[in-house]
Amino acid sequence: MLKRGLLSLLVPPLAVCRYGCAGCCAAPIAVFWLAGITGIVYGFLGGPAELPYTSWTTVGLGVILWAIASVWAWTTIRGVENDTADPQCQGNASTLCRIVPNRKLDSDPFDEIKKFQ
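Residues numbered from 1 in each chain as written. Predicted model: local features only at pLDDT ≥ 70, side-chain atom pairs only at ≥ 80, totals over all residues. Heavy atoms only, no water.

Q: Can you help me understand the overall build of the chain in this one?
A: When helices and strands are counted, the chain shows six helices and zero strands. Order of helices (α) and strands (β) in the chain, N terminus to C terminus: α-α-α-α-α-α. Buried residues in the chain amount to 30% of all 117 residues. (Helix = DSSP H or I, 4+ residues; strand = E, 2+ residues; numbered from the N terminus. Buried < 20%, exposed > 50% of the residue type's maximum accessible area, 1.4 Å probe, protein only.)

Q: Help me out: how do you make sense of the packing of helix H1 (residues 2–10) against helix H2 (residues 12–19) in this one?
A: The geometry of a pair of packed helices is captured by two quantities: the angle between their axes and the separation between those axes. With their axes 5 Å apart at the nearest point, H1 and H2 run at an angle of 140° to one another. Comparing their axes, H2 and H1 come out oblique. Contacts between H1 and H2 involve Lys3, Arg4, Leu7, Ser8, Leu9 and Leu10 on the former and, on the latter, Pro12, Leu14, Ala15 and Tyr19. (Axes fitted to C-alpha atoms, helices over the stretch in contact; angles between N-to-C directions. Parallel < 35°, antiparallel > 145°, perpendicular 65-115°, else oblique. Contact = heavy atoms within 4.5 Å.)

Q: So what exactly am I meant to see when it comes to a nonpolar patch on the surface here?
A: Together, Leu6, Leu9 and Leu10 make up a nonpolar patch on the protein surface, roughly 280 Å² of accessible area in all. Locating leucine 9 in the fold gives a position in helix H1. (Patch = residues over 30% accessible without salt bridge, like charges linked within 9 Å, V, L, I, M, F, W, Y side chains within 5 Å. Areas by Shrake-Rupley, 256 points an atom, 1.4 Å probe, with all protein chains shown as cover. Salt bridge = Lys/Arg side-chain N within 4 Å of Asp/Glu carboxyl O.)

Q: Sorry, what's going on with unusual backbone geometry here?
A: Keep in mind that most residues, glycine aside, have a negative phi and that most peptide bonds are trans. Not every positive phi belongs to a glycine, and glutamate 50 is a case in point at roughly 50°. As for its position among the elements, glutamate 50 is in the loop between helix H3 (22–44) and helix H4 (56–85).

Q: Even after reading the chapter, I still don't get the nonpolar core, so can you show me in this structure?
A: Burial of nonpolar side chains together is a common tendency in soluble globular proteins. Core analysis: the biggest nonpolar cluster contains seven residues, these being Val16, Cys25, Ala26, Ile29, Trp33, Ala69 and Ala73. Elements supplying a minimum of two residues to this core: H3 and H4. (Core = buried A, V, L, I, M, F, W, Y, C linked by side-chain atoms within 4.5 Å.)

Q: Would you take a moment to explain the packing of aromatic side chains for this structure?
A: Any pair of aromatic rings gets described here by the distance separating the centres and the angle formed by the planes. The full count for this structure, using the stated rule, is three aromatic pairs. Measuring from centroid to centroid gives 6.1 Å for tryptophan 33 and tryptophan 66, while their planes differ by 85°, and the two rings are edge-to-face. Here tryptophan 33 is found in helix H3, whereas its partner tryptophan 66 is found in helix H4, with 33 residues between them in sequence. (Phe/Tyr/Trp six-rings, centres within 6.5 Å; stacked < 30°, edge-to-face > 60°.)

Pasting the structure below:
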């Protein structure tokens, strides 16, 4: 659990790919994380105003974007863990269980076609 939390804090896209659902939201998390890193570096170089000193506003924006990516990754990992623990979605109603329908209720489309032949 500590490894997941530390990884989601330092490298959120990798944490989602390794412990969560890569297809769910790893790409948007990576965009927020990379924008955060860029903001931090760009802020230390003077920011958009090309200041001769550190632009703390730009650094702060980068830190906020990094924090959003970390919280998003942690939330995704926790949601996947909860859904894995209860595959039928009966014990708790997580966000992923409400979005993904139960596959047992779906009929096979090829069976429907065979009925008409």
